Every structure is written in structure tokens, then in C-alpha cells.
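Geometric and topological summary
Each chain is listed here by its residues.
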Amino acid sequence: MNKTHRILRVALALALALPGAGAYGQGGQKPSSPKGDSPAAKPTPSKTINVNFKDVKLKNGLRVLLVEDRSAPVVSVAITFDVGSRNERKGRTGFAHLFEHMMFTGSENVGRNEYSLWIDTNGGSNNATTSEDRTLYFATVPSNQLDMILFLESDRVRALDVSQEGLDVQRNAVQEERRLRVDNEPYGKTEERFQEVMFDNFAYKHSVIGSMEDLNAASLQDVKEFFRIYYAPNNAALAIVGDFKTDEALAKIKKYFEAIPAQPAPPKVDAAEPEQTAERRFTTGDPYARLTQLLIGYKGIVSNTPDAYALQVLNSALAGGQSSRLYQKLVKEKELVTNVAAYPSPFRGGGYYEIEATVAPGKKVEDVEAAINEEVERLQREPIADWELDKAKNSARRGSIQSLQSSLGTAIRLSEYAVFYNDPSLINTQFQKFAAVTKDDVRRMAQKYLKPANRTVAVTTPAKHE
């Protein structure tokens, strides 16, 4: 995953210790910004988060989550399907992302490319993203267009137009996206190889966007079977937040969705990773790079666990803004790098923590790596300061509240939590998990995961075009 995708992952995750939201959006576009949507349910005066939602499961297994909010005359819809790149098999990578594109090619009652046209014409916005752990579709429309968005979503789930022509068009679009974001972007191929070297289990070993060869190998029958298995109502959660009456909205949802037949449950994903016993390292040349880049990754962190929340606190101390240890040491004090950052990516089946540094001209990558390792080792030896813990928890509280300031943000989180953990109520309790983190937890986290034997290191150097 390249820098653009990582930024999207972090932005959509909103600093939560949960799987990143999507890496890739519809047609290569960034996911739509939720700003401008209506505020969702407000925190109570006791400063706790309290989103009052209705949780219903339809006869076909579709889980429905509803939040009434009359703050503005809009409705946001998010539908999360329990399918990401981790569900793919060897020789058929990139399918989850390819199929995200296929969902915009038209359905029985909606012409090709008309889905977005209908929404745009009626003053709404929409997009979709795919990650290792899920595929997410979302839209915000005026509240008087609730029937329209439910019709559009249900029609493509019920009767998507899966044709050879549509497959060829979307395959070409995805391959061009790969050229833009991976093959011809500085450090893009390093990010892809980094994940391949780090992981042993195929579930997370390959990139979301897939290989050119596998995309070329995708047949129409492959795509039809993928749709049948993973785009069933019993493999999804639908969340609607906004200006509606709950009973009326639920009746409309049943009207549009309940007749869609369920399918047998998809095969379960085995994402278990064997314990890594020695550091992994590689060096590569990149003709698009202008400066040397260092990547250091530590794997094994599972999302929505005490370790994942402790990782967020650790990351705040190590790399959170200009007050962080890495910025102060590498940028200000030693002037070794032009930038340094870290990206927690705790997947459902076990993700990783990545530190990225761009080496300043005239400086040595060995010195940069030594300085980073020194700061990591300091986290293992001694507790973080009180102000660092406070900073992390304040940031987490802000992120928790900001993620619910729009109807869209609330809908996305409800649908994801229902699919990931079977626990949409996490939207009200996840900050408590941050608040419970102690300085000892952070040190334990560093000692458990951030050790040399669990490390993957990649060095990318500028190279000439062949």
C-alpha cells in the first residue's frame, strides 16, 4: 500500500485501533469527505458517547442499523460486505477491489454508470473503498431521497449486471489505477513487496490492488461466482443515519432488501501467522524515488484488542506530531530525515505497525535506522511520560467524537463494527478501551511486538530508469 492509500486508511480509521478503512476508492478517487453531512447523535452531558441505534436482522440475514438524527435534512447509508483482499486465493488477487468497481457498472433497473448520476443529480455524494478486511459502499443524500438510495443499493445487490463488457472496462480501470498508484509512484512497489516479505499467510501477504497477471486472468465466471458468494445479504451490514422515522425507514428497507435471497456462508479465512523468529530485510532501487526511504514494520497486532489500543497510545508518543520522540530526535535534533511517520494497521487477523522515514540528502540510512531503534528500545525500557499518555488519550477522545460528527461517519462505523466484531455497540464504548490503557501497557506492547526478531526492514534507494 503506497503513501496515498495509507493516508486514506489513517484518515478513515480516525485514529481508532481498528482495521483501516479503505485503501482504494471507486474509479481511483479518494473516498468522499463526510464534511457537510448532518451531525449524528450527540454525546451526553456526562461526556460519554451515546449513539442510540436500532439493531435489526432481516429474514435473509442482512443486519440493519438505524440512527434517527433530525439535525439536518440528509440521510447517510453505509453497507459493509465481509469481503476484502484477505478472502482472495492465489492466482486471483485484486478481486475484491475489482468487484468494488464492478458494482458501479449497472444493474437490472439501473443503466451503466447511472448509479452515481442519480445520486449526483439529486444533490448527494457517494463512493466506495476496499481494504484487506472489507468492502464498503457509502452515500449521503437529501432525506427525501431515501427511497432512491435504497432502491439503487438493493437493485445492484439483487441483480447486478455482470457482463464481459463491464468486466473488461473495469479491469482496464483497475490496471490503470495500479500503474498510477503502485507501478509509477515513488516507493509504490516497495510498499507492495514490504507486505509480501512481512507476512507468511497469503491472506495478508498480497496487495489489495492485485497483480496485473491475476487481473488479466479474471474470467466472467470467476466474477459471477465471487458476486454470488460474497455479495449476499447475510454477508453484509447496512447502516442508515439521518433524518427519518425509524419504523418507516425499516419498512422501506424490508421492501427493497428482504426478498434478496441469502447464500451459504463464505469459507472462513485462516489468517494465522507463524511466529517470526528472525529479522527480514531487503534493499531495492526505485527510478521514481529522489531520496532514500527506510521502512520498518512489526507484525502481529490484532484489531480491537487491548494490544491494539495500547499501540495507538504508543504511536502517539513515538510519532504523533511534532512533539513526538521521532520528530524531535530525527528531524529537529539530528536533522537526519526530511520526514518521519508511523502507521498502525491492526487488521482483523493480525496486522502490523510501520515506521517510515525519508533520509535527508547527505545523511546515512544506517544512522536513521539506529536512531529509530534507539527510541523503540527506550519505549521498552522505561514508561512514557504522564504528558505523553494524556496527549494520546486526548487525541483518542477527539478522534472518537470527530468520527461521529457526521451522519456518514456514524453509519460507516456502525456497519464496520457489526461486520468486523459483531458488536456495533463498540461505537459507544471504544473510547473506554483507550482510557483504560496504562503506561505499563504501552511498555508491554513495545516489548511484545517491537523486537528485532519480529521486524521487517526495507531500504529503497534512487535508481536510474532502465
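Report on the accompanying structure. (Residues numbered from 1 in each chain as written. Predicted model: local features only at pLDDT ≥ 70, side-chain atom pairs only at ≥ 80, totals over all residues. Heavy atoms only, no water.)

1. With respect to the overall build of the chain
Broken down by element type, the chain carries 17 helices and twelve strands. Scored against the burial criterion, the 466 residues of the chain give a buried share of 59%. When contacts within the chain are restricted to residue pairs at least 6 apart in sequence, those whose partners lie at least 24 apart make up 82%. (Helix = DSSP H or I, 4+ residues; strand = E, 2+ residues; numbered from the N terminus. Buried < 20%, exposed > 50% of the residue type's maximum accessible area, 1.4 Å probe, protein only. Contact = heavy atoms within 4.5 Å.)

2. A closer look at the pattern of salt bridges
Note that side chains of opposite charge can pair when their charged atoms are close. Tallied over the entire structure, the rule returns 34 salt bridges. Between Arg86 and Asp133 there is a salt bridge, with the nearest N and O atoms lying 3.8 Å from each other. Pair noted here: Arg86 is in the loop between strand S4 (74-81) and helix H2 (95-102) and Asp133 is in the loop between strand S5 (125-130) and strand S6 (135-142), with a separation of 47 residues, a long-range link. A relative accessible area of 2% means that Asp133 is categorised as buried. One network of salt bridges, in which partners are shared, links Lys329, Glu374, Glu375, Arg378 and Glu382. (Salt bridge = Lys/Arg side-chain N within 4 Å of Asp/Glu carboxyl O.)

3. Quick notes on helix H12 (residues 325-333)
Taken as a whole, H12 has its buried residues at Arg325, Leu326, Lys329, Leu330 and Val331. Summarising the contacts, the buried residues of H12 are in contact with helix H11 (306-319), strand S10 (337-345), strand S11 (351-359), helix H13 (365-381) and helix H14 (386-402). Just downstream of H12, Glu335 is the residue with a positive phi angle, here 50°.

4. Some thoughts on the packing of helix H5 (residues 164-183) against helix H6 (residues 188-198)
Where H5 contacts H6, the two axes come as close as 7 Å, and the packing angle between them is 90°. Judged by the angle between their axes, H5 and H6 are roughly perpendicular. Facing Arg178, Arg181, Val182 and Asp183 of H5, the residues of H6 in contact are Gly188, Lys189 and Glu192. In the contact of H5 with H6, the residues fall into one nonpolar, one polar and five charged. (Axes fitted to C-alpha atoms, helices over the stretch in contact; angles between N-to-C directions. Parallel < 35°, antiparallel > 145°, perpendicular 65-115°, else oblique. Nonpolar A, V, L, I, M, F, W, Y, C, P; charged D, E, K, R; others polar.)

5. Structural notes on the packing of aromatic side chains
In total, this model carries 18 aromatic pairs according to the counting rule given. Here the aromatic cluster, defined as three or more aromatic residues joined through ring pairs, consists of Phe81, Phe95, Phe99, Phe104, Tyr115, Tyr137, Phe226, Phe227, Tyr230 and Tyr231. Between Arg156 and the ring centre of Phe104, over which it is positioned, the NZ or CZ distance is 4.8 Å. For the cation-ring pair, Arg156 lies above Tyr115, with the distance from its terminal atom to the ring centre recorded as 3.9 Å. (Phe/Tyr/Trp six-rings, centres within 6.5 Å; stacked < 30°, edge-to-face > 60°. Lys NZ or Arg CZ within 6 Å of the ring centre and 35° of its normal.)

6. Focus on unusual backbone geometry
Look at Asn113: it is not a glycine, yet its phi comes out positive at around 65°. With respect to the helices and strands, the residue Asn113 is situated in the loop between H2 and helix H3 (114-121). Judged by relative accessible area, Asn113 falls into the exposed class, the value being 54%. Residues other than glycine seldom take positive phi values, yet Glu335 does so here, at roughly 50°. A residue is classified by how much of its surface remains accessible, and Glu335, at 53% relative accessible area, is exposed.

7. Quick notes on the nonpolar core
Among the nonpolar cores identified, the biggest contains 66 residues, and Leu314, Tyr353, Ile355, Val368 and Ile372 are the most heavily contacted of them. Counting 54 residues, the second-largest nonpolar core is a separate cluster that includes Ile149, Leu160, Val162 and Leu167. (Core = buried A, V, L, I, M, F, W, Y, C linked by side-chain atoms within 4.5 Å.)

8. Some remarks on the sheet that holds strand S8 (residues 280-286)
Taken in spatial order, the five strands of this open sheet run S8-S12-S9-S11-S10, and their pairing is mixed. Whereas interior strands pair on both sides, the edge strands pair on one side only; in this sheet they are S8 and S10. With direction set aside, neighbouring strand axes in the sheet form an average angle of 15°. Bridge analysis of strand S9 (residues 293-301) against S11 gives eight bridges, and the strand direction is antiparallel. When the sheet's bridge partners are listed, Leu294 is paired in S11 with Ala357. Set on the sheet, H6 makes contact with S8, S9, S11 and strand S12 (455-462); between it and S8 the angle comes to about 160°. Those strands touched by H11 are S9, S10 and S11, and its axis lies near 170° from that of S10. (Pairing = 2+ DSSP bridges.)

9. Some words on the pairing of S4
Among the eight residues that make up S4, eight are buried, leaving the element largely enclosed by the rest of the structure. Neither face of S4 is exposed, since Val74, Ser76, Ala78 and Thr80 on one face and Val75, Val77, Ile79 and Phe81 on the opposite face are all buried. Pairing analysis gives eight bridges linking S4 to S6, with the strands arranged antiparallel. Across the sheet, residue Ile79 finds its bridge partner in S6, namely Tyr137. As paired strands, S4 and strand S7 (residues 236-242) are joined by seven bridges and run antiparallel to one another. Residue Val77 lies in a different strand from S7, and its bridge partner there is Ile240.

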